[in-house]
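# Observations on the three-dimensional arrangement
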Amino acid sequence: MRANSPEPRLLRWLDGLTEGVGRAVAWLIIIMMLVQFAIVVLRYVIGANSIVMQESVMYMHAAVFMLGAAWTLKHDGHVRVDIFYRKLSSRARAWIDLLGTLFLLVPVSLFIAIGSFHYVLTSWAIMERSPNAGIPAVYLLKSLILAMVALLLLQAVAQLIRQTLIIRGALPNPTHEHEEVV
């Protein structure tokens with residue numbers, strides 16, 4: 001972390017957490033690909049089948065999407081129809097991002113948390129298992145929902161801090177790698 005950065009320590013810490021989780025989860029893509037390759041080889045070359053291996057691909061796929069959502073948000077990688085957004089000033093874009101975080105991201109994340117809390121808790125209470133003699137930890141898979149919400153809310157705090165600093169002129173609005181500089 002940069003000691004002389006214009007970003008507050010909390011913002012750097014939140015971004016660092018999101019970046020660390022995102023980079024760690026990205027390795028699951030390679031592992032998932034290797035396991036999927038092994039499943040195909042086992043099935044078509046040896047004639048064997050492994051439910052545990054098939055379910056592990058599903059678990060890793062869920063982890064990549066659920067735990068990678070905050071990283072995608074941090075890097076502004078979500079799908080956006082930005083017909084007007086791209087042409088706005090840094091302050092105007094910061095206002096849109098701030099309002100979107102406050103009135104869309106945070107409420108939807110809280111709705112998901114409230115709506116899924118009992119669902120996850122019930123799964124833990126019965127130590128839910130796979131019905132197919134697969135991975136005996138469905139409750140861990142369902143817990144990814146709440147982990148996703150927690151990571152999104154932490155990144156929402158970072159977004160709010162960053163956009164407030166941009167609006168105040170204390171921080172430049174970064175150009176993301178997918179934007180064209182005109």
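Along each chain, the written sequence defines residue order, and numbers are assigned to residues from 1. Per-residue local features of the predicted model are confined to residues with pLDDT of at least 70, and side-chain atom pairs are confined, for both listing and counting, to 80 or more; whole-chain, interface and lining totals are unaffected and use all residues. Note that water and hydrogens are dropped before the side-chain values are worked out from all heavy atoms of the structure.

One side-chain nitrogen of Lys or Arg within 4 Å of one carboxyl oxygen of Asp or Glu is enough to make a salt bridge. Tallied over the entire structure, the rule returns four salt bridges. For Arg 162, the salt bridge identified is with Asp 15, shortest N-O distance 2.0 Å. With Arg 162 in helix H4 (residues 138-167) and Asp 15 in helix H1 (residues 9-46), this residue pair connects regions lying 147 residues apart in the sequence. Comparing Arg 162 with Asp 15 shows no difference in burial state: the two are buried. Glu 19 serves as the salt-bridge partner of Lys 74, at 3.1 Å between the closest nitrogen and oxygen. Numbered from the N terminus, helices here are DSSP runs of H or I no shorter than four residues, and strands are runs of E no shorter than two. With a 1.4 Å probe rolled over the protein chains alone, any residue whose accessible area is under 20% of its type maximum counts as buried; one over 50% counts as exposed, and the rest are partly exposed.

As a further point, take the packing of aromatic side chains. Only rings of Phe, Tyr and Trp enter the pairing, Trp through its six-membered ring, and a pair is recorded when the two centres are within 6.5 Å. The plane angle decides the type: under 30 degrees is stacked, over 60 is edge-to-face, the rest tilted. As enumerated under the stated definition, the model contains one aromatic pair in all. Relative to Tyr 139, the ring of Trp 124 lies with its centre 4.6 Å away and its plane at 65°, an arrangement referred to as edge-to-face. Of this pair, Trp 124 sits in helix H3 (residues 90-125) while Tyr 139 sits in helix H4, and the two are 15 residues apart along the sequence. We classify Trp 124 as partly exposed; its relative accessible area is 37%. Overall, Tyr 139 belongs to the buried group, its relative accessible area being 12%. Criterion for a charge above a ring: Lys NZ or Arg CZ within 6 Å of the ring centre, and within 35 degrees of the ring normal. Cation over ring: Arg 93 sits above Tyr 85, and NZ or CZ is 5.9 Å from the ring centre.

Attention shifts here to the packing of H3 against H4. Where helices are involved, their axes are fitted lines through C-alpha atoms of the stretch in contact, as for all axes, and angles between N-to-C directions lie from 0 to 180°. At a closest axis distance of 8 Å, the pairing of H3 and H4 adopts a crossing angle of 160°. One element, H3, and the other, H4, form an angle in the roughly antiparallel class. The chirality of how H3 crosses H4 is left-handed. Here is the rule for angles: anything less than 35 degrees is roughly parallel, anything more than 145 is roughly antiparallel, 65 through 115 is roughly perpendicular, and the remaining ranges are oblique. The handedness criterion is simple: a crossing whose near helix is rotated anticlockwise from the far helix by less than a right angle is left-handed, and one whose near helix is rotated clockwise is right-handed.

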